[in-house]
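Structural description and commentary
Each chain is listed here by its residues.
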Amino acid sequence: MPAVLSESATHAARDVRVLVGRLRRRLRQTYDTMDLTPTQISALSRIGREGPLSASDLAAAERVRPQSIAATLAVLEERGLTERRPDPGDGRRRLLSLTPTGTALLDDGRRAGEEWLARALHERLTEAERRTVVEAMALLDRVTGP
């Protein structure tokens, strides 16, 4: 039988989920996404982190149907953000990787988001509050770690 969750754990989980969603949306507003959808940005980011990947591996990682990932990849390729190359281990397969344009888009987005967040933390929080944020991040890292 599953353990009964404390009210504080349930409340904290809801607050973290809502805050992380708002933070992600705000970070996306800090840079030009080339009008990509959140799904397209997610796929592009995963290719950047884990690539090169096959389309089927990407679909599985993103938890979408292969038909859905095909439409997403068509947009990314059309905009020159990704490319397909033969798999060196299996010439029948094609692997997706970022183009220099795709890499630049992700790098610029990360940089803009970090700059916005650093500025907001500096302007809106005291030094003691920023230390509290760092401590809270360490706690959340424990939650997500192995």
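Here the structure is shown first, and the text comes after it.
Report follows, based on the coordinates. (Residues numbered from 1 in each chain as written. Predicted model: local features only at pLDDT ≥ 70, side-chain atom pairs only at ≥ 80, totals over all residues. Heavy atoms only, no water.)

1. Structural notes on the pairing of strand β1 (residues 82-87)
Of the strand pairs in this sheet, β1 and strand β2 (residues 90-98) are connected by six bridges, and their pairing is antiparallel. Across the sheet, residue Thr 82 finds its bridge partner in β2, namely Leu 98. A loop of two residues connects β1 with β2, the two strands running antiparallel in sequence. (Pairing = 2+ DSSP bridges. Helix = DSSP H or I, 4+ residues; strand = E, 2+ residues; numbered from the N terminus.)

2. What to know about unusual backbone geometry
That bond from Gly 51 to Pro 52 is cis: its omega, 0 degrees, falls within 30 degrees of zero. Of note, Pro 52 is situated in the loop between α2 (38-50) and α3 (55-62). Phi at Asp 35 takes a positive value of approximately 60 degrees, unusual for a residue other than glycine. Phi at Arg 63 is positive, roughly 60 degrees, even though this residue is not glycine.

3. Focus: the pattern of salt bridges
Under the counting rule described, the total for this entry stands at 11 salt bridges. Put simply, Arg 84 and Glu 77 hold a salt bridge, and the shortest N to O gap is 3.0 Å. The class for Arg 84 is partly exposed, based on a relative accessible area of 31%. Overall, Glu 77 belongs to the partly exposed group, its relative accessible area being 28%. When the shortest N-O distance is used, the salt bridge between Asp 108 and Arg 111 registers 2.9 Å. With Asp 108 and Arg 111 both in helix α5 (residues 100-124) and three residues apart, this pair spans about one turn of that helix. What makes Asp 108 partly exposed here is its relative accessible area of 41%. Classification of Arg 111 as partly exposed rests on a relative accessible area of 44%. Because the salt bridges share partners, they merge into one network encompassing Arg 46, Glu 50 and Glu 62. (Salt bridge = Lys/Arg side-chain N within 4 Å of Asp/Glu carboxyl O. Buried < 20%, exposed > 50% of the residue type's maximum accessible area, 1.4 Å probe, protein only.)

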